[in-house]
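Results of the structural survey
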Amino acid sequence: DCHSTPPTHRRAAEPPTHRRASRDSMPFVLFLALLASATAAPTTKGRRANEQPKVRLVVTGETNVARTTRGARASNRVAQMAAWGGNVTMTIRAAHNTFTVVEVADPNEARLFKEQAERSGLRVEEDQRRYPGPSVATRTQPLAKETPWGIERVYNGAVPNASFFPSAVTHPLCIIDSGYLLTHPDLPSDATAADPLQAPAGTMYFGGDLCNHGTHVAGTIAAIGGDGEGVVGVFPGAPGLKIVKVFGEAGQLDDPPGWPNEACGWTYASELVDAVQRCVDSGAKIVSMSLGGGGPSSTERDAFQTFFDDGILIVAAAGNGGSSSYSYPASYPSVMSVAATDSSDAKASFSQFNDEVDIAAPGVDVVSTVGPPSDPGYDSYDGTSMAAPHVSGLAMVLWNKYPSYTNAEVRTALEGGAEDLGEPGRDNEFGHGLANYQGAEMRLGAPSAPPSPPAPPPPSLPSCPLGDVCATGPCLITDGGSCATSPDFPNLYPTDEGCTIYGLPPVGLDVIAFDVEDYYDCPDHLTVNGVKYCGTSGPAGVVPSDGTMTWVSDDGVTVSGWKVCWAAQPPPSLPPLAPCPLGDVCTTGPCLITDGGSCATSPDFPNLYPTDEGCTIYGLPPVG
């Protein structure tokens, strides 16, 4: 038992961080407001319960927008976006790029805006949502200083004494979350706002935390040691923490908060990129993010790669869906994706598992600091949100004890020094293994920078008999091999499934039925020739150039699906060859048999061969 005087507490399991609300139901948190002012700082605001959410888009590639850090400037481009139906809410300068955030009324207007913007050479994509975990549990007050089991585990059973830890830092850590309860007696009081606008007078004051999530994360990283009460963090009393609040704006509807609290619902990928830039501007070298969402964003991916290339080490929670799906930003190659383990070193049941998981850390029954300010205390949470700060805290200790190394070298040391769990070597459940300080420190003696992980190759398809059409997954080949349907057609197709139909002949497709969830960017879709089809418009008449169709459904709305057919084609056959005398070698066309029948040449050899001609040489003996 690692507790000197074990408290009583109840665990609060985090919900999946990647789920998207369907068009027919609201999530348990209410919608947050989009920014309405062109000069507003990029912060998350609460949306009224009866207000329909607008669609947020991110535009990049513009050349006429002023290079500003905050707020949208009046410019030709902004005026043009307004003419296309988009309301510019902010312009963000981050990762050596400028991002304009636009909102439109609904998915149809989003499509029209995107078409017009892309014709003007701009890149447009949906601004994906990013979610925290919960902030509710039965609070407890440890009777004496408690070392949470996870802190001991990443230090091989015993936390080093105070003299082991650097007293000053050259590589500060920045936490992006719901805030930091600055008045908590077990947290360092020298933490500062990475975003200078998050001052005490504002609704996004970094030093308060309505959601408790960020304060819990901070305690795992930096809870003070040696004070005889509460808990201790990976880097006890870590100096110089930087904080950016992206959840938990004060004054939203039901404050003082109950659960769920509307302000704790979500932020956006664009605002997350801006938050990391605030961390970088404040001097931070390590960024810890216990948040995520299921939709990838090329804007976000490119920005995080730029941050990594510029020397920033980024750590994020792998996600809590208990499946192999990806959560972002953790699943970008430039970010360390952290899975969760329990006290038996088993993968936590909720922890995501996929080929982007880099490392694992304790994430079950994690006791740490929480509010409210009037009665600060301690809660026990479950989640990859709780695992990620174990890794970012270790990175802060390691890099500040050995400051001459690079972010890539520190990352390599953490991964290479991890305790191998599960299958030998790297695996999808634990990544490189359980985070371990001593192992990372030993590996740092001769680190090598990790190359950016290559994109995983597309899965190979099983062989399909010549002339047949085949399918992987739950899609069905019907009508004697001349049609395919979505799973369970004509009943509702299931969620979170996919398949590939391959071996299709090069003929136009005949759409018999097509009813697929119609939402911006087609979350459920049939893809042919790289084009997604959803709603009621299928790929009628389209010739599948590579002989494949791919179906994907997400975790939201389902409808009756689709049936697509094609004309069966006979297998190709070669033209018949004329008889060739036994022992001879023969040819069709203009190629030549020479040297008494022991050689063949191209037409007119050694002169230039003619164009648009061909031949077959046959009857060759079985020799080299």
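Residues numbered from 1 in each chain as written. Predicted model: local features only at pLDDT ≥ 70, side-chain atom pairs only at ≥ 80, totals over all residues. Heavy atoms only, no water.

This part covers the pattern of salt bridges. Counted under the stated rule, the structure contains 12 salt bridges. Between Glu300 and Arg130 there is a salt bridge, and its shortest N-O distance comes to 2.6 Å. Residue Glu300 is found in helix 6 (residues 298–309), and its partner Arg130 is found in strand 8 (residues 129–130); the two are separated by 170 residues along the sequence. Look at Glu300 and you get buried, because its relative accessible area is 1%. Measuring nitrogen to oxygen at the nearest pair gives 2.6 Å for the salt bridge that ties Asp345 to Arg153. Here Asp345, found in the loop between strand 15 (336–341) and strand 16 (357–362), pairs with Arg153, found in helix 3 (residues 149–154); they are 192 residues apart in sequence, far enough to count as distant. Note on Asp345: relative accessible area 21%, which makes it partly exposed. Members of the salt-bridge network, linked through shared partners, are Arg56, Asp127 and Glu271. (Salt bridge = Lys/Arg side-chain N within 4 Å of Asp/Glu carboxyl O. Helix = DSSP H or I, 4+ residues; strand = E, 2+ residues; numbered from the N terminus. Buried < 20%, exposed > 50% of the residue type's maximum accessible area, 1.4 Å probe, protein only.)

This brings us to the state of the cysteines. The full count for this structure, using the stated rule, is 7 disulfides. The disulfide that involves Cys211 links it to Cys264, with 2.0 Å between the sulfurs. Every disulfide takes its handedness from the sign of the S-S torsion; for Cys211 and Cys264 that torsion is -95°, giving left-handed. Separated by 53 residues along the polypeptide, Cys211 in the loop between strand 10 (192–193) and helix 4 (213–222) and Cys264 in the loop between strand 11 (242–245) and strand 12 (267–268) bring together distant segments of the chain. For the residue pair Cys211 and Cys264, the accessibility class agrees, reading buried in each case. (Disulfide = S-S within 2.5 Å.)

Here we take up the packing of aromatic side chains. A full pass over the atoms with the stated rule returns 14 aromatic pairs. Between Tyr205 and Phe206, the aromatic rings sit 5.3 Å apart at their centres with planes inclined by 75°, giving edge-to-face as the arrangement. On the basis of relative accessible area, Tyr205 is assigned to the partly exposed category, the value being 22%. What makes Phe206 buried here is its relative accessible area of 7%. Taking 6.4 Å as the distance between ring centres and 35° as the angle between the ring planes, the aromatic pair formed by Tyr326 and Tyr328 counts as tilted. Judged by its relative accessible area of 30%, Tyr326 is partly exposed. (Phe/Tyr/Trp six-rings, centres within 6.5 Å; stacked < 30°, edge-to-face > 60°.)

Time to look at the environment of Gly294. Looking at the secondary structure, you find Gly294 in the loop between strand 13 (286–289) and helix 6. In sequence terms Gly294 and Tyr328 are 34 residues apart; their C-alpha atoms lie 6.1 Å from each other.

Attention now moves to the sheet that holds strand 20 (residues 476–478). Spatial ordering of the open sheet is given by 20-21-27-23, a layout of 4 strands whose pairing is antiparallel. If you trace the sheet from one side to the other, it starts and ends with strand 20 and strand 23 (510–515), each paired once. This sheet shows a mean twist of 15° between the axes of neighbouring strands, independent of strand direction. Bridge analysis of strand 23 against strand 27 (residues 561–565) gives 5 bridges, and the strand direction is antiparallel. When the sheet's bridge partners are listed, Asp515 is paired in strand 27 with Gly561. (Pairing = 2+ DSSP bridges. Axes fitted to C-alpha atoms, helices over the stretch in contact; angles between N-to-C directions.)

All right, on to the pairing of strand 14 (residues 313–317) then. On a regular strand, one side chain projects to one face of the sheet and the next to the other, so that they alternate. Among the 5 residues of strand 14, 5 are classified as buried, and the element is accordingly described as predominantly covered. Residues Leu313, Val315 and Ala317 of strand 14 are buried on one face, and the alternating residues Ile314 and Ala316, pointing to the opposite face, are buried as well. Here strand 13 runs beside strand 14; their pairing, made up of 4 bridges, is parallel. The residue of strand 14 that forms the bridge with Val287 is Ile314. Tracing the backbone out of strand 13, into helix 6 and back to the parallel element strand 14 gives a crossover that is right-handed. Strand direction decides the pairing type here: strand 14 and strand 15, joined by 3 bridges, are parallel. Its bridge partner being in strand 15, Ala316 is matched across the sheet by Ser337. (Right-handed = clockwise from strand over helix to strand, strands pointing away.)

For the pair helix 7 (residues 384–401) and helix 8 (residues 407–416), interaxial distance at closest approach is 10 Å and the crossing angle is 120°. The angle between helix 7 and helix 8 places the two elements in the oblique class. For the element pair helix 7 and helix 8, the recorded crossing hand is right-handed. Of the residues in helix 8, those touching helix 7 at Leu394, Ala395, Leu398 and Trp399 are Asn407, Val410, Ala413 and Leu414. Considered class by class, the residues forming the contact of helix 7 with helix 8 number 7 nonpolar, 1 polar and no charged. (Parallel < 35°, antiparallel > 145°, perpendicular 65-115°, else oblique. Left-handed = near helix turned anticlockwise from the far one by under 90°. Contact = heavy atoms within 4.5 Å. Nonpolar A, V, L, I, M, F, W, Y, C, P; charged D, E, K, R; others polar.)

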